[in-house]
Amino acid sequence: VTKITFWHAMSGKRLPAVERIVNGFNEAHPDIQVEAQFMGSYKEVLAKTIAAVKAGNPPHLAQVYEVGLQTMLDSGVIVPVHTLFEEGEVDFGDVVGPILDYYSVDGKLYSMPFNSSTAILYYNKDLFKKAGLDPNRPPTTYKELEEMGKKLVESGVVPNAFSTGWPSWVFEQAHAYHNQFFANNENGRKGRATEVLFNGPFGVKYLETMSRMAKEKVYIYGGREYSPNKAFLAQQIAMLIQSTSSVGSIEAATEGKFEVGTTFLPRFEGYPRGNSVIGGATLWVLKGHSDEEYKAVKEFLKWIIRPEVTAQWHKDTGYFPATNSSLKLLMDEGWFSNHPNHLTAFLQVLSGVKTPMSQGVRLGNFVEIRNIVQTALENCFAGKTDPKTALDEAAQEANRVLKEYSELYK
Ligand SMILES: O=P(O)(O)OC[C@H](O)CO
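A. Layout of the overall build of the protein. The number of helices and strands found in the protein is 19 helices and 12 strands. Scaling as 2.2 N^0.38, a compact globule of 410 residues should have a C-alpha radius of gyration of about 22 Å, and the protein matches this with 21 Å. For the protein, the C-alpha atoms occupy an extent of roughly 65 × 50 × 35 Å along the three principal directions. The buried share among the 410 residues of the protein stands at 58%. Total accessible area on the protein is roughly 16600 Å²; 50% of this is exposed by carbon and sulfur atoms. When the 42 basic and 46 acidic side-chain charges of the protein are each reduced to a single mean position, those positions are 4 Å apart.

B. The arrangement of the environment of Gly248 in detail. Note on placement: Gly248 falls in helix 12 (residues 247–254). Taking the relative accessible area as the measure of exposure, Gly248 reaches 8% and is therefore buried. If near-sequence neighbours (up to four positions away) are discounted, Gly248 is found in contact with Lys13, Asp316, Thr317 and Gly318.

C. Spotlight on the pairing of strand 1 (residues 2–8). Of all 7 residues in strand 1, 6 are buried; the element is thus mostly enclosed. By the bridge criterion, 7 bridges tie strand 1 to strand 2 (residues 32–38) in an arrangement that is parallel. The residue of strand 2 that forms the bridge with Trp7 is Gln37. After leaving strand 1, the chain enters helix 1 (residues 14–28) and then returns to the sheet as strand 2, a path that is right-handed. For strand 1 and strand 3 (residues 61–65), the ladder comprises 2 bridges, and the chain directions are parallel. Looking across to strand 3, one finds that Trp7 is bridged to Ala62.

D. View of empty space enclosed by the protein. Following the criterion strictly, the structure yields 5 cavities of 30 Å³ or more and no others. Quantified by volume, the largest cavity comes out at close to 80 Å³.

E. Main features of the environment of Tyr65. Among the secondary structure elements, Tyr65 is positioned in strand 3. Take Tyr65: its relative accessible area is 6%, and that puts it in the buried class. With residues up to four places along the chain from it excluded, the contact list for Tyr65 reads Tyr42, Lys43, Leu46, Trp166, Gly280, Ala281, Val367 and Arg370.

F. Spatial organisation of the domain arrangement of the protein. What the domain assignment lists for the protein is domain 1 (2–116 + 279–350) and domain 2 (119–276 + 355–408). Taking only C-alpha atoms, the centre of domain 1 and the centre of domain 2 are 26 Å apart. Contact residues are listed per partner, giving 32 residues for domain 1 and 37 residues for domain 2. With both chains or domains summed, domain 1 and domain 2 bury close to 2800 Å², and 51% of this area falls on carbon and sulfur atoms. At the boundary of domain 1 with domain 2, the tally comes to 2 salt bridges. One salt bridge connects Asp74 with Arg192, and the closest N-O pair in it is separated by 2.8 Å. Contributing elements (two or more residues each) for the side of domain 1 that touches domain 2: helix 2 (42–54), helix 3 (69–74), helix 5 (97–102), strand 5 (104–105), helix 14 (307–317) and helix 17 (344–350). Considered class by class, the residues forming the side of domain 1 that touches domain 2 number 13 nonpolar, 12 polar and 7 charged.

G. Representation of a negative patch on the surface in the model. A cluster of acidic residues, Glu208, Glu368, Asp386, Glu393 and Glu397, forms a negative patch on the protein surface. For Glu208, the position within the fold is in helix 10 (residues 201–215). On the basis of relative accessibility, which here comes to 41%, the residue Glu208 falls in the partly exposed class.

H. Quick look at the site of the ligand. The environment of the ligand is formed by 14 residues, the closest being Tyr42, Ser117, Tyr226, Ser243 and Tyr319. In the environment of the ligand, an oxygen atom lies 2.5 Å from a nitrogen or oxygen atom belonging to the side chain of Ser117. Measuring from an oxygen atom of the ligand, one finds a backbone N or O atom of Gly280 at 2.9 Å. In the complex, the protein chains occlude 100% of the 310 Å² of accessible area that the ligand would expose alone. One can see that the ligand is located within the largest cavity. Partitioning the shell around the ligand into residue classes produces 6 nonpolar, 5 polar and 3 charged.

I. Spatial organisation of the sheet that holds strand 9 (residues 162–164). With mixed pairing, the 4 strands of this open sheet are ordered in space as 9-10-8-11. A strand with exactly one partner marks an edge of an open sheet, and here the two such strands are strand 9 and strand 11 (260–263). Ignoring which end each strand starts from, the neighbouring axes of this sheet average 25° apart. As judged from the 3 bridges shared by strand 9 and strand 10 (residues 239–243), these two strands associate in the parallel manner. Looking at strand 10, one finds that Thr164 is bridged to Ile241. In the packing of helix 12 onto the sheet, contacts are made with strand 8 (119–124), strand 10 and strand 11, and the angle to strand 8 comes to roughly 10°.

J. Summary view of helix 15 (residues 324–332). What helix 15 keeps buried is the set Ser326, Leu327 and Leu330. For helix 15, the arc enclosing every buried residue in end-on projection is 105°, short of the 170-degree limit, so these residues lie on one face. Exposed residues lying more than 90 degrees from the buried face of helix 15 are Met331 and Asp332. Of the surrounding secondary structure, the elements contacted by the buried residues of helix 15 are helix 14, helix 16 (335–338) and helix 17. Positive phi appears at Gly334, one or two residues downstream of helix 15, with a value of about 80°.

Cut-offs and rules
- Residues numbered from 1 in each chain as written.
- Predicted model: local features only at pLDDT ≥ 70, side-chain atom pairs only at ≥ 80, totals over all residues.
- Heavy atoms only, no water.
- Helix = DSSP H or I, 4+ residues; strand = E, 2+ residues; numbered from the N terminus.
- Rg over C-alpha atoms; globule rule 2.2 N^0.38 Å.
- Buried < 20%, exposed > 50% of the residue type's maximum accessible area, 1.4 Å probe, protein only.
- Areas by Shrake-Rupley, 256 points an atom, 1.4 Å probe, with all protein chains shown as cover.
- Lys, Arg positive; Asp, Glu negative; His and termini not counted.
- Charge placed at Lys NZ, Arg CZ, Asp CG, Glu CD.
- Contact = heavy atoms within 4.5 Å.
- Pairing = 2+ DSSP bridges.
- Right-handed = clockwise from strand over helix to strand, strands pointing away.
- 1 Å grid on protein atoms, 1.4 Å probe; cavity = no way out; pocket = protein on both sides within 12 Å on 5 of 7 lines; lining within 4 Å.
- Points joined across faces, edges and corners; volume = space filled by probe spheres on them.
- Domains from an automatic or database assignment.
- Buried area = accessible area lost by both parts, 1.4 Å probe.
- Salt bridge = Lys/Arg side-chain N within 4 Å of Asp/Glu carboxyl O.
- Nonpolar A, V, L, I, M, F, W, Y, C, P; charged D, E, K, R; others polar.
- Patch = residues over 30% accessible without salt bridge, like charges linked within 9 Å, V, L, I, M, F, W, Y side chains within 5 Å.
- Near = heavy atom within 4 Å.
- Polar contact = N/O pair within 3.5 Å; in protein donor to acceptor, adjacent residues only side chain to side chain.
- Sits in = over half its atoms within 2 Å of the grid points.
- Axes fitted to C-alpha atoms, helices over the stretch in contact; angles between N-to-C directions.
- Arc of directions from axis to C-beta.

Okay, here's the thing in structure tokens:
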């Protein structure tokens, strides 16, 4: 039996969904044993993978979030997915456009699409009704979001109206969605990024708006990653910007309690349209294993991209169906008619404009830069500093990180 180690970051409702895929594969392939291991958060999986490579003991497959793209590309320890397969062995043309774009360099795919996502707006239709708002007219703009938020708070329906999961990711999303660069050299896709641009007029406007809403009690900072979901489920807030990856868990937790609506991300008026950005993670193949093992890895990757496997993964979680064939399968069986919240993120990302600003940011040591931005946002929401100063200081620090990183790869 060939053993394949697969490190991932899927907890909560995502964990049994991963196990379902792996068990299905192992049953169908008695000569291969994929061992899926939960290794912690995305950040931890990336750090542990790099450490394991250095120690000479890498897993075969690691699930790395979109933030790790540049790090993985530069690492020298990966087997690009496009080199693993023979010409025509897998139809990568079947992969949904924005996902393919995010993970391709010069038209070649580097990691295997698995759990891609983007951010959307969730809202509580029951609380909207209680506050005298139309449950079928969620906000389209930040201005409307603020007005509706005030109504929700002032009517006493909720103590605060709105929060965001992955706050710094949502800040990145806002740039792409309004066609603004986050970093120079076309977001690090034309050449290595040497300077961040998030402290420009758009970034400042975004943070000023959010800080004002925080003072008005419309916005409440709810922590990093998925922690603000708790306030949404407890009906302490009525709106939440969060990854589509939470659709599965939010729908399961609210069933019979209140009605959840989802819609596109809010916009600032007067800015051009871009697109929301691909988030979530992909599977990276690591160097240092035998031909026999790579053969088994290929079988597993072919398995996860099977239309029925991809479709089930989408149903279990809310992550995109990553291929056109899985999308067709879901559409033909009427899945989206019965589960419209599963379609929102997909429609948003497919109806956006493909521009250099909207294809995703590639930064060296993006993990650290995200942390710097996150801290700046937190300081600002805590009233410790004003938006412009917070972003200028964060940009300075981020530029230092970029410089140090570039020196490593001169
Ligand atoms: O919840 P996920 O897996 O869609 O990830 C959200 C962000 O992309 C993480 O960087």
